Structure formats: C-alpha cells, structure tokens
Amino acid sequence: MSSRDYILGRVRWSLGRGAFERDSCQQLEARLNTPQSNLIPKRGQGDAKAQLSLFVKMATEVNATVSRLKALENVPKAVAKYLKEQELDATVRLADHPELQKLDWSKLDASTGFSTGDDLVGVVMAYAGAAETGSLALRSGADSPTTLNFLPDYHIVVLKAADLVGDYEAVYARLRRESNKTDFMPRTLSWVTGPSRTADIEQTLLLGAHGPRKLHILVIEDNGEAS
Amino acid sequence: MKLNAHNFKENAAKALKDEDLQASLAKLGTGFPLKRLAAAARLPEFEALRDQARDIKDHTLRHLDFYLEKFECKVQETGGHVHWARDIEDGRKIVYDICESVGAKTVTKGKSMIGEEMAINEYLEEKGLIPVETDLGEYIIQLRNEPPSHIIAPAIHLRKSHVEEAFRKTHTELPPERNLDEPEDLLKEARAMLRKKFIAADVGITGANFMIAETGSTVIVTNEGNGDLTQTLPRVHIVLCSIEKMVPNLEDCATLLRVLARSATGQEQSVYTTFSTGPKQMDDPDGPDQFHVVILDNGRSRMLGHDTHDMLRCIRCSACINHCPVYQSVGGHAYGSIYPGPMGSVLTPAIYGLEQSCDLPNASTMCGKCEEVCPVRIPIPQMLRSWREKQWEDGPVPILQRLAMSVWAFWAVRPKAYHFGAKIKMRLLGLLGRKNGHFKSLLFSKAWTKSRDFPAPEGKTFQQLWSEKGGRRS
Amino acid sequence: MSGEEKNVGLFVTCLVDLFRPTVAFAAVKLMSEAGCSICVPERQTCCGQPAFNSGDRHDARKMAEMVIEEFEKFDYVVAPSGSCAAMIKKHYPELFSDQADWHKRALDLSRKTYELMSFLTDVLDVKEVETTLNRKVTYHDSCSGLRELGIKDQPRTLMNAVEGLDLVEGENAERCCGFGGTFCLKYSDISTRIADDKCDDILKTEADMVLGGDLGCLMNIAGRLTRRGETVEVRHVAEVLAGMCDDVAPISRKG
Ligand code: SF4
C-alpha cells in the first residue's frame, strides 16, 4: 500500500468512517469554494483616515519608519532623503514595477531587478497594507521580486493609501477578485510587519537578523486623484 | 532526535542545579507570559477568536482526509509535488531522494519541528550532504550539537558566553581576537556567515505552520526572515509538515494567525508570515524551480478520534510551555523530547509510545495554566490524565505507587474503619508534633520532609470532634 | 437569608478532617450564620481525586459512588476546598460518562456542589463578616478553584469585609504552588522549586499572613516557609472569616 493510501485510510479508520459521501463532500466543497470571513477585529474597520493612522501607529510600534507623501512623484526624493539620513550612498535597487519605473530616479544611482545579495537598499511596491497590525502584503511577480524584500539591509516599501485596507481578509478577497484563474495565489505572498528581528540570544531583542535591518514605508496619500 | 524521556527525573535534578539554565528560565517566566497578557488585553476579540480558532481546527480534523486530498490536488495544480510519509524513515528518504535528484550538496534549513522529529540533519549528514540551520537559535544549537529546548526559542537555555564559545570554535576563518562580547556582535557574525550559506544552497527546507487546502499553500511564520531566504534562493524548496497542520482556506488561516503570535511571543503579528504556493511562476524573476511538500503522519492519524484527538489542534505557539511551572523550573532538555512542556507531554507518548516516556504525563501539577492560555483551548490536563489512565491500566506504574493507591482506596471506601484508624494516628501525630507545630522528618513521607516541614495535626479529627459535639449527622 | 433553612451537607475533605478540623468548624459557623443547617455525614472520606489524577479510574469511581450516595439528599454540598469541590462538580460526571444512571446522579450532585467561598458569596449572598484582623494579608489562588471553578473574586470580597484586614496581591498569586497532589511526592525536587517561587512571591508582598482556600496547597506553602525559617503565617481563609484565628496556631506552627 502506498503511504498516501495508508495515511488517508488510517485517518478515516480513526475517525470511524469511510470516504465521504457525495452530499457531505458537496457541503465541504461549498465551504471551501465560497470562503467566509470569521470574526474580524473591529480595530481595523474605521474609515480610510482612521485606517491610515492605525497603520502608521502599528507599523511604527514594531520599529518600521513611515513617511507620508502627497504623490507618487515624490518617492525618489523621499528615498534620497532617507538614504541621506541613514548616511548611505545614493544607490538603490528597484523592483521592475511600472509605477516605480515611470518615476524620475536620475538623482540616484538606481538599477532594476531582483537581488543577488549585493544590494544595500531595495525599493519595492506593496500589493496592499493591513491597518490592524501595520502589516504590508508583498506578492511575488514580474514586478516584485521576493529577493528584494529579504536580501537588502534597507527595505523601502511604497504603499498607496488606496491599497490600504483594514484587515487581512480584504487582501485575500482582492487577490481572488483580481485573478481570473482559480489559482490566484502568487508563488510568494508575504505579510511583513516591521524589520527582521531575533531574540534568540538571551532573549534580547535585536533588529536585522537575516532579513532587512530597517523597514521604511512611504505611504502615498494622493487623495485628489481619481484612478 | 533520540528520545531521552525515561531519564526525566535525573535530567530534571541536573537542570535544577544548572545556574545558567535557571537564569534563562527566570527571564522566560516573566518575558513571554507578560507580553501575551498585554497583547490579549489589547484585542477585545481575543477570547472569541480563540473559540473560532478551536472550531476551525476541530472542523478540519473531523474532515481531515477531505482537506488533505484537496490540498494535494491544489499543490499539483500549481506545479508542486506532494509526498506522503507515514513515518520518520519514510520522510527522511523522501527528502534525501529529492536532494539527490538535483545533485544537491548544501541544504539550508528554516526552523521545522517536523525536521527535528525526523532528525533530518543527522540523516542528510550521514548521506554526505551539508545541512545548515539558518534560524539563529537553531544554528547555535546545531553548532553545539544539541537538541532544541523550546519549540520556538530553541536556544533559550543558553547564555551569550555559550554562543560565543560555539562561534569561536566553528568560525575559525575569522580573526581570533575579534570582539564577541555583546549579543549584537554575535548576531552580526552569524548574519554574515549565514548569508554565504543562503546563497550557496542547492535546496532549502522549511517547515510549515499551516497548509491551506483552498490554495495548496504552505505558510511559515518567522521573525528573522531566514525562512524566506531559505525558500527563495535555492532551486528547490522542500516543505516539511504533518497532517494536522491543515486549514480549509485563507480566512481560516487569518483567524489562527491572529491568535498564534499573540499567544506565543505577545507580538501582534510575527514579522514575516509567508504563503508559498507552487514553484516560481512564469514571469517571476526569482524563486525556486521546484516545490515539494512532505506530509508526515508518524502516529498522528492514530490520535484522531481517540483520547488525544484534541491535541491535534495544536498550532505550536508554545504558550503552554512558557506558562508551565514545571517547564519554568527544569527547562526543555529535561523532558528528553523535542516537544517539551505540557504539549510535549501529551504528544511525545503519542508519537514515541508511552513506555518510552512514562514520566512525562505525570510530571505535571495539573495546575491547568496550559489550558487557560492555549489559543485553541486544548484540555491538556485531561489528556495528561488519559495517558495516566492508560499507564494505570496496562502500563508501567511503580508497584509501590499502585500499592499505596489501593491501600488508600481500600480504607477510603470503608469510612468506619477509616475514621477509627485516622483517630488513632492523628492523636499520635498531634501529640508528637505539639512541640514545634511541625515535623522536620517523618519516616513515611521522606519525599515531603526532604524540603518541607510537615504540619502537625490538631490532634483530633473533625469527625471525632463533630461526634463529641453531637453535631447533625443526618 | 429569607425562607427555609438550606439543608447543606458538608464535605469535610480528608485533609481538613485529619489535619485541621478548625477549618471545618469555621465553615460550619459561616454557613450557619447565613441561615444554613449543616449536616456532616459520617460516611465520607476522600473525594477520589488522588486516584483520579493518578489514572486509577476504578478506585476513583468507587469513592465517587460513595460520595454521591451519601450527599445527593442535600440541597447543597459544600467543601472548604476548591480541588475537592472541582472533583465533584467537574470530574464526577466525566468519570461516569459511560454509565447513564450514575452519570445522571453525578450531574445532579454536580449542580448543587460548591466550594465554600463561592457558596457563601454566590449562593448565600454573604457580604458582611463580623470579625476583625489587623494584619497585612496576601492570598494564594489555588489552581483547581481558580481555573476549574472560576473562584477569584469571592474570597476577596469576603476578606475585604474583614475589618482591619489589609490585602496585598502577590504578583503571581495565580501561579501554582507546586503541590499538585501526588506530584509533590513523586517529583519532590521540582515541587520544592515551584514552592520556593511561591514563597518568594509571598515574601515580596511583605504580608505577614498568607491565606488560601485549599489545605493541600497551604500545607505545602507552610511547610516550605517554616523550613526556610520564615515567619509568615499560613491559614485557611475560612478561619479568618469566622474569626477563629485564636482557636488554632497557624499551619505548621506551634500553638
Ligand atoms: S498546546 Fe496549545 S498552547 Fe501549547 S503549543 Fe499547542 S496551541 Fe500552543
């Protein structure tokens, strides 16, 4: 008997039944294919303004830094300013994201693509943000290499306020909505809540374990513009 | 790892005298629990979320075969592979075969308790591969060649001097005069050393906190980011998980994630919660070419529908461990199992057999703190008791203990004789103990008087006094 | 209390019967004053918890059957111990889950069984106690009472009603004292270590008296405190509420 059949057989035997009948299977399928949210904490359910301030508060609490910008066009300048504050060279590695690529990076030494570990600063676009815990949703794709989220020491993430939602569930709903396939998940979907850390040595909290030491979030408020 | 649970008592005695360990444990006892309390207090819905988390896991377990098959199907649809391992041997072989098929030499590893259960590092080393643990704590204990002492903080028993010693011994290519006094220095060195390993690895092995049937995704929850590097940089990503890690869909997972970190470290959310679905997709600039999920059973399917069924709800948050007065006293290694503390004392006998671990279910005061804090409300004391019952029925219970209990029971159901005997004995003890109010030692209860005085009784039993007073009897 | 006298069966508990009858007398006094008639059946010994927790279901059941038979006739059954009350209230029904007739009787008994502090406040609605104690006191929440029966506020309400009593909370008042029934004998070293933590927590409050609702825990704490040469007094909370501190020396201390 294959291990697969052995395990599934064992599971059924232990639960005291055979494989599911058609009817109960249909119910289970329905539960699976029409996902319902469970209880969602109230805290993230305010209006856009409340969500933004909650997001900033929660992200800052976990050692991320946040700048609020009026327009996407201001991103290169804000990045340059941040690098200066951190006393870094003006060198950045950009994700190949259309919204980032259309910006004017001429004041910086900017290159594009995934990271092989030699980049100090990575700049990426967030897919979304969840206010409830100040978390960023980053999805892999042509416009968003995963290596850029984990290898550089400085992780700069651009989040459009329009992509900020109250809770995780809203992001899953959007992923489903935007995909015409049943396989709507990217290879990698990461929720990032603050920069990398560890407390493995004497329970002392240290930032920058293996992933980025710093996480800087640029929120684009851009509220006047209709998309 | 090899089970060493039959030495619990000796291990515990040693641990109680180990000052370094005691210092670490003292920190643990106030660290995680207070943070958990604060996080729970901050989220008004926390208790309701715990109920839902329990119900989600219950539902999934009752329909586990359905969800496992759905999950398998989804993984395959998204271009990944599922491998079923009925036991440790099976699992190790699967992992090795995958490594061999791509000619792997070095393997990086994210933290995985299933990996520990399989002792996968040992096995791969035997086969000539070089497995490298990348979670800082795991890396440290790998260098020291010892098992984890906690399920989410594997090196919690160590002081920084131990870490320094291990680094100096291993990183011989670095200048010996370098400064490693502070935790920051140690972290910096580990980060630099491991960076190279991440990039050189052919295969990355991670664990999984959850498997999602709806999407065929596996989920890891980390703070360091090592898991993400482990699964993104090599060509092959292998996920080690066990059957009970299943949840139906993303929404269910969201609920469990809301209670996981808060219960574990008191964080609102861990730093990185990453969902992996299949290998890298067509336009992806990075990511692995192959995605394999190894699903281990190793005794779990036997637990379903039986006394320890509810234990399979466990999401390995470690809250029960962090709050356990016994764990806080002796640490993880005393248990001799990779799963220490309350959850381990239920799980270890189920996985390794009761004969191998007979102390574990007994080494609990039954204070119930574990159940109080468990995010999925596992009635741990009840399960410990069910193991004790099994032991009593057909397992190894010390003959003296059995005897003592039956003598007690014999008298207890014969109240007349009991009260007569009690009267005489208490009179005697009362007289003897009158001088100090307590005894420094008593022949029949050395285990008590070794470290505690035994209170002298008042002299007459209540039943005796009540009769003398003519109190109401019916 | 208005209406008829409540007919209460006192489950003395084996430890109180043997070592500290005063606790039972205190219980009788407190309940009588609140309008109960107390009966103490002679046919009682142990609730069976040691056997139950050792995995010896058979003997546990035998003891439980005796308790059920003897106590089911009362309006209420009260024990001056959270762990014995929890055994009857929570675990008897569980013990007979596969015997319908006994299960029903166990459930009936469960419904009317209370730990003393909870009975006084939740059922008898006692708010006042007529006694004075000019002491700084801390309270140890015993595990079974706290976690299985939810007893937390009840003893505090009553203690706060004692004139002169200054209650200071230990940081870890809810932490196990290491007693654990047979645990303290089987794993004596670990038990002692946990008891030491408890003693430290008590000493930190600078209270000169520690109270609790379970004699097992109190004997453990007292035994460790006196062995360490500490002078903090240990007593069952009922003794204090009934104003009976003068009747008996603190646990483990000379009278
Ligand atoms: S048993 Fe509960 S508290 Fe313990 S690790 Fe598992 S989920 Fe967490």
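Remember, predicted model here, so these are calculated numbers, not experimental data. (Residues numbered from 1 in each chain as written. Chains lettered and ligands numbered in written order. Predicted model: local features only at pLDDT ≥ 70, side-chain atom pairs only at ≥ 80, totals over all residues. Heavy atoms only, no water.)

## Structural notes on the overall build of chain B
Each helix and strand in chain B was counted, giving 22 helices and twelve strands. Dimensions of chain B, computed from C-alpha atoms along their principal axes, come out at roughly 90 × 60 × 45 Å. Counting over 474 residues, chain B shows a buried share of 65%. Partitioning the contacts of chain B with sequence separation of at least 6, the portion at a separation of at least 24 is 71%. Surface accessibility of chain B: about 17,000 Å² in total, with carbon and sulfur atoms responsible for 55%. In chain B, the 62 positive side-chain charges and the 61 negative ones have mean positions that sit 11 Å from each other. (Helix = DSSP H or I, 4+ residues; strand = E, 2+ residues; numbered from the N terminus. Buried < 20%, exposed > 50% of the residue type's maximum accessible area, 1.4 Å probe, protein only. Contact = heavy atoms within 4.5 Å. Areas by Shrake-Rupley, 256 points an atom, 1.4 Å probe, with all protein chains shown as cover. Lys, Arg positive; Asp, Glu negative; His and termini not counted. Charge placed at Lys NZ, Arg CZ, Asp CG, Glu CD.)

## Section: the domain arrangement of chain A
Taken as a whole, chain A is organised into domain 1 (1–34) and domain 2 (43–220). Taken over C-alpha atoms, the centre of domain 1 of chain A sits 41 Å from the centre of domain 2 of chain A. (Domains from an automatic or database assignment.)

## Concerning the arrangement of the chains
In this assembly two pairs of chains touch, with chains A and B having more contacts than any other pair. At the C-alpha level, the nearest point of chain A lies 19 Å from chain C, with no contact between them.

## Structural notes on the packing of helix α1 (residues 8–17) of chain B against helix α11 (residues 188–205) of chain C
Across the interface, α1(B) lies against α11(C) with an axial gap of 9 Å and an inter-helix angle of 35°. Crossing geometry of α1(B) relative to α11(C) is assigned as left-handed. Between α1(B), through F8(B), A12(B), A13(B) and L16(B), and α11(C), the contact on the second element is made entirely by D189(C), I190(C) and R193(C). (Axes fitted to C-alpha atoms, helices over the stretch in contact; angles between N-to-C directions. Left-handed = near helix turned anticlockwise from the far one by under 90°.)

## A closer look at the environment of A41(B)
Residue and element names in this part refer to chain B. Tracing the sequence through the fold places A41 in helix α2 (residues 19–42). By relative accessible area, which is 66% here, A41 ends up exposed. Measuring from C-alpha to C-alpha, the distance between A41 and G79 comes to 43 Å, with 38 residues separating the pair along the chain.

## Brief notes about the interface of chain B and chain A
Between chain B and chain A, the residue contacts involve 103 residues of the former and 83 residues of the latter. Of the roughly 7,900 Å² buried at the junction of chain B and chain A (both faces included), carbon and sulfur atoms supply 55%. On the chain B side of the contact with chain A, R191(B), E251(B) and R258(B) bury the most area, a combined 10% of that side's loss. Summed over the shared surface of chain B and chain A, the result is 16 salt bridges. Taking the shortest distance from any N to any O, the salt bridge between E69(B) and R12(A) comes out at 3.0 Å. In this structure, the connection of chain B to chain A is made through 56 residue pairs in polar contact (both at pLDDT 80 or more). Looking at the side of chain B that touches chain A, the element that brings in the most residues is helix α4 (residues 64–77) of chain B, giving ten residues. For the side of chain B that touches chain A, a count of residues per class yields 41 nonpolar, 30 polar and 32 charged. Here five bridges tie strand β9 (residues 188–192) of chain A to strand β9 (residues 272–276) of chain B, and the two strands are oriented antiparallel to one another. (Buried area = accessible area lost by both parts, 1.4 Å probe. Salt bridge = Lys/Arg side-chain N within 4 Å of Asp/Glu carboxyl O. Polar contact = N/O pair within 3.5 Å; in protein donor to acceptor, adjacent residues only side chain to side chain. Nonpolar A, V, L, I, M, F, W, Y, C, P; charged D, E, K, R; others polar. Pairing = 2+ DSSP bridges.)

## Some thoughts on the nonpolar core
If you look at the biggest cluster of nonpolar residues, it comprises 134 residues, and the most contacted ones within it are F8(B), I238(B), F275(B) and I295(B). No other element matches helix α12 (residues 250–264) of chain B, which puts eight residues into this core. Excluding its chain neighbours within four sequence positions, the residues that come into contact with I238(B) are V95(B), I98(B), C99(B), V203(B), G204(B), I205(B), T206(B), H292(B) and V294(B). Ranked by size, the runner-up nonpolar core spans 105 residues in total, among them A24(C), L109(C), L165(C) and M209(C). (Core = buried A, V, L, I, M, F, W, Y, C linked by side-chain atoms within 4.5 Å.)

## Here we look at the sheet that holds strand β4 (residues 121–125) of chain A
Residue and element names in this part refer to chain A. Read across the open sheet, the six strands follow the order β1-β12-β7-β4-β2-β3; overall the sheet is parallel. Strands with a single pairing partner mark the edges of an open sheet, and in this sheet they are β1 (65–69) and β3 (109–112). Between one strand and the next, the sheet's axes are offset by a mean angle of 25°, whatever the strand orientation. Sheet topology places strand β7 (residues 154–160) next to strand β12 (residues 214–220); seven bridges connect them, and they run parallel. Paired with H155 across the strands is L215, a residue of β12. Across the face of the sheet, helix α4 (residues 75–85) comes into contact with β1, β2 (91–94), β4, β7 and β12 while running at roughly 150° to β12.

## So, the site of the ligand
Of all residues adjacent to the ligand, which total 14 residues, the nearest are C314(B), C317(B), S318(B), C320(B) and C374(B). In terms of residue class, the shell around the ligand is made up of twelve nonpolar, one polar and one charged. (Near = heavy atom within 4 Å.)

## Describing the domain arrangement of chain B
When cut into domains, chain B gives domain 1 (31–298), domain 2 (301–397) and domain 3 (411–468). Centre-to-centre, using C-alpha coordinates, domain 2 of chain B lies 34 Å away from domain 3 of chain B.

## Here we look at the layout of surface pockets
The probe, sized like a water molecule, is rolled over the atoms to show the empty space still left. Of the pockets and cavities examined, the second largest pocket occupies roughly 1,200 Å³. In this structure, the second largest pocket is lined by 49 residues; those nearest its centre are I152(B), N223(B), T265(B), Q267(B) and S270(B). Secondary-structure elements contributing two or more residues to the lining of the second largest pocket are β10 (197–198) of chain A together with α2, α6 (113–118), β6 (217–222), α11 (226–232) and α12 of chain B. Per element, the largest residue contribution to the lining of the second largest pocket is seven residues, and it comes from α2(B). Residues of the lining of the second largest pocket, tallied by class, amount to 20 nonpolar, 17 polar and twelve charged. (1 Å grid on protein atoms, 1.4 Å probe; cavity = no way out; pocket = protein on both sides within 12 Å on 5 of 7 lines; lining within 4 Å. Points joined across faces, edges and corners; volume = space filled by probe spheres on them.)

## Concerning empty space enclosed by the protein
Under the criterion given, the structure shown has eight cavities of 30 Å³ or more. In this model, the largest cavity occupies a volume close to 140 Å³. For the lining of the largest cavity, the secondary-structure elements that each account for two or more residues are α14 (319–323), α15 (325–330), α16 (341–352), α17 (369–373) and α18 (380–394) of chain B. Element by element, the count of residues in the lining of the largest cavity is highest for α16(B), at three residues. When the residues that make up the lining of the largest cavity are grouped by side-chain class, the tally is 13 nonpolar, six polar and one charged. Forming the walls of the second largest cavity are S81(C), G82(C), E115(C), Y139(C), H140(C), D141(C), S142(C), G145(C), L146(C), I151(C), G213(C) and D214(C). In terms of residue class, the lining of the second largest cavity is built from three nonpolar, six polar and three charged. Each of domain 1 (6–122) and domain 2 (128–247) of chain C accounts for three or more of the residues forming the lining of the second largest cavity.

## Comments concerning the pattern of salt bridges
Tallied over the full model, the rule gives 77 salt bridges over all chains. Here E189(B) ties to R178(B) by a salt bridge, and the two come within 2.6 Å at their closest N and O atoms. Of the two residues, E189(B) sits in helix α10 (residues 183–200) while R178(B) sits in the loop between α9 (160–170) and α10, which places them eleven residues apart along the sequence. One exposure class covers both E189(B) and R178(B), and it is buried. Salt bridges linked by common partners bring R4(A), D5(A), R12(A), R17(A), D65(B), E69(B) and E72(B) together as one network.

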